[in-house]
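# Architecture at a glance
Each chain is listed here by its residues.
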Amino acid sequence: MVSQDTARNVVGIIGNVISIGLFLSPMATFYRIWKMGSVEQYSPAPYLASLVNCMVWVLYGLPVVHPHSTLVMTTNGAGTAIEVFYIVLFLVYSHKHRQRLRVLGVVAVEVIFVGVLAFLVLHFAETTDKRTKVVGIGGVCFNILMYASPLTVMKLVITTKSVEYMPFFLSLASMLNGVCWTAYGLIRFDLFLVLPNGLGLLLSLAQLLLYAIYYKNTQKILAERRARAQVGLSEVVTTRDSKTAANGLNHNGVHH
């Protein structure tokens, strides 16, 4: 029979792989941003929420805070680096000065907050149990914030009846991540892992449900947009050809 520790380690390793997949899932979105040269209507909220969430969970996974949580620390360490990369790209391709300032301001507040939290916990909480509780409560709050950050996008989906700006793979990876880390927290019960990831699982399922509801309508909207673009291009070409022909006639008249 598989021991509790072995099962937890196996689920934790799977969770690491899925979490890295979650962090990498917006790559398609940022490829589109790079290709279009603009962030368009994409929101920076998911990446800002993921950044502070990862930083807090790195702190939680430190041996001096919560022993035997190396997998939590390594996963979120990688996540921190990836989210920083996304935010830098977002800043590069955001053409709104006010939006860039807001993003930079939020990042500064997040870094200061985590730094102050680490200082207070390590200097004033004498035992790992106390440190675990303090950082764990913060981790729960920011984990819920990370999972809830797409709510603004969900509102846009319902308003526009289109999932164009709600990345499917991010929602799918969030759901799988929620399943895995909820299971990890249940094997050796850890409320600080079960609560936010269980809620995250429900929110991710809601996003996938919206995707299923509005997917066909999104394809219809995109097809209509392409058709209008083609008509516009045809009109431009026709106008250009007409002008060319007219210029040719005028030239011939002058010549004769």
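Residues numbered from 1 in each chain as written. Predicted model: local features only at pLDDT ≥ 70, side-chain atom pairs only at ≥ 80, totals over all residues. Heavy atoms only, no water.

## Concerning the overall build of the chain
- Across its full length, the chain holds nine helices and zero strands.
- Counting helices and strands in the order they occur from the N terminus, the chain gives α-α-α-α-α-α-α-α-α.
- Across the 256 residues that make up the chain, the buried fraction comes to 42%.
- Taking all contacts inside the chain whose residues are at least 6 apart in sequence as the whole, residues at least 24 apart take part in 79%.
- Here the chain displays about 14,400 Å² of accessible surface, and carbon together with sulfur accounts for 71% of that area. (Helix = DSSP H or I, 4+ residues; strand = E, 2+ residues; numbered from the N terminus. Buried < 20%, exposed > 50% of the residue type's maximum accessible area, 1.4 Å probe, protein only. Contact = heavy atoms within 4.5 Å. Areas by Shrake-Rupley, 256 points an atom, 1.4 Å probe, with all protein chains shown as cover.)

## Structural notes on the packing of aromatic side chains
- Within the structure shown, the criterion is met by 11 aromatic pairs.
- When the centroid spacing of 5.7 Å and the interplanar angle of 40° are considered together, the rings of Y31 and W34 count as tilted. Of this pair, Y31 and W34 both sit in helix 2 (residues 27-36), three residues apart, roughly one helical turn.
- By relative accessible area, W34 is classed as exposed at 52%.
- Aromatic rings pair up to connect F30, Y47, F85 and Y86 into one cluster. (Phe/Tyr/Trp six-rings, centres within 6.5 Å; stacked < 30°, edge-to-face > 60°.)

## What to know about the packing of helix 1 (residues 4-24) against helix 4 (residues 70-93)
- At a closest axis distance of 10 Å, the pairing of helix 1 and helix 4 adopts a crossing angle of 5°. The orientation of helix 1 with respect to helix 4, classified from their angle, is roughly parallel. For the pair helix 1 and helix 4, the contacting residues are N9, G12, I13, N16, S19, I20, F23 and L24 in the first and L71, T74, T75, N76, A78, G79, I82, E83 and Y86 in the second.
- When the residues that make up the contact of helix 1 with helix 4 are grouped by side-chain class, the tally is eight nonpolar, eight polar and one charged. (Axes fitted to C-alpha atoms, helices over the stretch in contact; angles between N-to-C directions. Parallel < 35°, antiparallel > 145°, perpendicular 65-115°, else oblique. Nonpolar A, V, L, I, M, F, W, Y, C, P; charged D, E, K, R; others polar.)

## Some points on helix 1
- With 21 residues, helix 1 ought to run about 30 Å at 1.5 Å a step, and its terminal C-alpha atoms sit 30 Å apart, in line with that.
- Every buried residue of helix 1 is listed here: R8, V11, G12, G15, N16, I18, S19, L22 and F23.
- Taken together, the buried residues of helix 1 touch helix 3 (45-61), helix 4, helix 6 (128-148) and helix 8 (168-187). (Expected span 1.5 Å × (residues − 1).)

## Section: a nonpolar patch on the surface
- Residues I112, V116, F119, L120 and F124 make up a contiguous nonpolar surface patch of roughly 520 Å² in combined accessible area.
- The residue L120 is located in helix 5 (residues 97-124) in this model.
- Given the relative accessible area of 41%, L120 is considered partly exposed. (Patch = residues over 30% accessible without salt bridge, like charges linked within 9 Å, V, L, I, M, F, W, Y side chains within 5 Å. Salt bridge = Lys/Arg side-chain N within 4 Å of Asp/Glu carboxyl O.)

## Digging into helix 4
- In this model, helix 4 (24 residues) spans 35 Å end to end at C-alpha, consistent with the 34 Å of a helix rising 1.5 Å per residue.
- Residues V72, T75, N76, G79, T80, I82, E83, Y86, I87, F90, L91 and Y93 constitute the buried set of helix 4.
- Of the surrounding elements, those touching the buried residues of helix 4 are helix 1, helix 2, helix 3, helix 5 and helix 8.

## Topic: the pattern of salt bridges
- All told, the structure shown has two salt bridges when counted by the stated rule.
- Here E40 ties to R32 by a salt bridge, and the two come within 3.0 Å at their closest N and O atoms.
- Given a relative accessible area of 27%, E40 falls into the partly exposed group.
- For R32, a relative accessible area of 25% gives the class partly exposed.
- Among the ionic pairs, E126 bridges to K130, the shortest N-O distance being 3.2 Å.

## Focus: the nonpolar core
- By size, the foremost hydrophobic cluster in this structure holds 39 residues, and its most contacted members are I87 and V135.
- Of all the secondary structure elements, the ones that give two or more residues to this core are helix 1, helix 2, helix 3, helix 4, helix 5, helix 6, helix 8 and helix 9 (191-255).
- Residues contacting I87, with those up to four places away along its chain left out, are Y47, L48, L51, V103 and V107. (Core = buried A, V, L, I, M, F, W, Y, C linked by side-chain atoms within 4.5 Å.)

## Digging into empty space enclosed by the protein
- Scanning the model with the defined rule gives three cavities of 30 Å³ or more in all.
- If you add up the space inside the largest cavity, you get close to 170 Å³.
- Along the wall of the largest cavity there are 15 residues; nearest its centre are N76, N143, N177, W181 and N197.
- Elements with a minimum of two residues in the lining of the largest cavity: helix 1, helix 3, helix 4, helix 6, helix 8 and helix 9.
- A class-by-class count of the residues in the lining of the largest cavity yields eight nonpolar, seven polar and no charged. (1 Å grid on protein atoms, 1.4 Å probe; cavity = no way out; pocket = protein on both sides within 12 Å on 5 of 7 lines; lining within 4 Å. Points joined across faces, edges and corners; volume = space filled by probe spheres on them.)

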